Amino acid sequence: MREKDTTIKYMFHTVHDITPEFLREIGVEAVAFDLDNTSVKDSTLTTIPGSISWIKNLKKAGFKVAIVTNTPHIRAFWFSKAFGAPFHAYSKKPLPHGIIKMAKKLNVDISKIAMVGDQVLTDVAAANRCGAIPILVDPIEKERLFKKHFERSRAKEKPIRDAFIKEHGYYGENK
């Protein structure tokens, strides 16, 4: 397993900005996506507007999809029904095991699965550790639970995000 690598490869404002054309361009066959602050509102049972149609569009375009999340099993199960996607809960990101398991379950080489999430220190690091493609999105909102933990985490990742945006910008936008 590789060391914790927080190198951002691609960055978008929201999941809605990630198109099937872009995913094909970078060689993706499957998309693993995070829940909290990526596709659903933090610590709720509410999807962000348009996230279900985003997943449907990915499937329609031929991509396999799956949820890889640190959230509890019952909540991930509920969202797996809403999104129509298999899931791996309590994935312990930044450990890569959830992504690896989903790549095997979806029968996709790990290098062809994109991990879409809002956290550099968990989602991006987990993807980089196993050779998946990390795609970072901006968090939807401030976290509702474990506020102090997330304030510290977001403060640690801010310089990494800022440096990436300064050098590369968001995908598809001019600097």
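Structure shown above.
Residues numbered from 1 in each chain as written. Predicted model: local features only at pLDDT ≥ 70, side-chain atom pairs only at ≥ 80, totals over all residues. Heavy atoms only, no water.

Enquirer: Help me understand the overall build of the protein chain in this model?
Expert: Secondary structure assignment for the protein chain yields six helices and six strands. From first element to last, N terminus to C terminus, the protein chain shows the α and β order β-α-β-α-β-α-β-α-β-α-β-α. Relative to a compact globule of 175 residues, whose C-alpha radius of gyration would be 16 Å, the protein chain shows 15 Å and is just as compact. Counting only residues that meet the buried cut, the protein chain has 50% of its 175 residues in that class. Sequence-distant contacts, at least 24 apart, represent 67% of the contacts inside the protein chain between residues at least 6 apart. Accessible surface, the protein chain: about 8,800 Å² in total, of which carbon and sulfur atoms supply 55%. Separation between the mean location of the 29 positive side-chain charges and that of the 20 negative ones in the protein chain comes to 6 Å. (Helix = DSSP H or I, 4+ residues; strand = E, 2+ residues; numbered from the N terminus. Rg over C-alpha atoms; globule rule 2.2 N^0.38 Å. Buried < 20%, exposed > 50% of the residue type's maximum accessible area, 1.4 Å probe, protein only. Contact = heavy atoms within 4.5 Å. Areas by Shrake-Rupley, 256 points an atom, 1.4 Å probe, with all protein chains shown as cover. Lys, Arg positive; Asp, Glu negative; His and termini not counted. Charge placed at Lys NZ, Arg CZ, Asp CG, Glu CD.)

Enquirer: Can you help me understand unusual backbone geometry in this one?
Expert: Peptide bonds are, in most cases, trans, and in most cases residues other than glycine have a negative phi. With an omega of 25°, the peptide bond between Lys93 and Pro94 qualifies as cis. As for its placement among the helices and strands, Pro94 is situated in the loop between strand E4 (87–88) and helix H4 (97–105). We note that Tyr90 has phi near 45°; this positive angle belongs to a residue other than glycine. Since its relative accessible area comes to 51%, Tyr90 is described here as exposed. One non-glycine residue, Asn107, lies in positive phi territory at about 60°. By the element assignment, Asn107 lies in the loop between H4 and strand E5 (113–117).

Enquirer: Help me understand the nonpolar core in this model?
Expert: The nonpolar side chains of soluble globular proteins are, as a tendency, buried together. Grouped together as the largest cluster of nonpolar side chains are 29 residues, with contacts concentrated most on Ile18, Leu23, Phe33, Phe83 and Ile135. Sorting the residues of this core by element identifies helix H1 (20–25), strand E2 (30–33), helix H2 (51–60), strand E3 (64–68), helix H3 (73–83), E5 and strand E6 (133–137) as the ones contributing at least two each. Excluding its chain neighbours within four sequence positions, the residues that come into contact with Ile18 are Phe12, Leu23, Trp54, Val116, Ile135 and Val137. Of all hydrophobic cores here, the second largest spans 15 residues; its members include Ala32, Val108, Ile113 and Ala127. (Core = buried A, V, L, I, M, F, W, Y, C linked by side-chain atoms within 4.5 Å.)

Enquirer: Is there a simple way to explain the pattern of salt bridges in this structure?
Expert: Throughout the structure, instances matching the rule amount to six salt bridges. The salt bridge involving Arg75 is made with Asp36; its shortest N-O contact spans 2.6 Å. Of this pair, Arg75 sits in helix H3 while Asp36 sits in the loop between E2 and H2, and the two are 39 residues apart along the sequence. On the basis of relative accessibility, which here comes to 11%, the residue Arg75 falls in the buried class. Of the charged contacts, one joins Arg161 and Glu157 as a salt bridge, the two residues approaching to 3.0 Å between their closest N and O atoms. (Salt bridge = Lys/Arg side-chain N within 4 Å of Asp/Glu carboxyl O.)

Enquirer: Please clarify how the sheet that holds E3 should be interpreted in this entry.
Expert: Strand-to-strand pairing in sheets goes through backbone hydrogen bonds, with the strands running parallel or antiparallel. Pairing in this open sheet of six strands is parallel, and the strands run E1-E6-E5-E2-E3-E4 from one edge to the other. A single partner strand is all that each edge strand has here, and the edge strands are strand E1 (10–12) and E4. Judged from the four bridges that link them, E5 and E6 form a sheet pairing that is parallel. Following the sheet pairing, Ala114 is matched in E6 by Ile133. In the packing of H2 onto the sheet, the strands contacted are E2 and E3, and the crossing angle to E2 comes to about 160°. (Pairing = 2+ DSSP bridges. Axes fitted to C-alpha atoms, helices over the stretch in contact; angles between N-to-C directions.)

Enquirer: Please clarify how the packing of aromatic side chains should be interpreted in this entry.
Expert: Note on aromatic pairs: each is described by the distance of the centres and the angle between the planes. Counted under the stated rule, the structure contains 10 aromatic pairs. Measuring from ring centre to ring centre gives 5.1 Å for Tyr10 and Phe22, while their planes differ by 80°; the resulting arrangement is edge-to-face. Of this pair, Tyr10 sits in strand E1 while Phe22 sits in helix H1, and the two are 12 residues apart along the sequence. Given the relative accessible area of 4%, Phe22 is considered buried. Put simply, the rings of Phe33, Trp54, Trp78, Phe79 and Phe83 pair up and form one aromatic cluster. (Phe/Tyr/Trp six-rings, centres within 6.5 Å; stacked < 30°, edge-to-face > 60°.)

Geometric descriptors of this kind do not, in isolation, establish any biological role.
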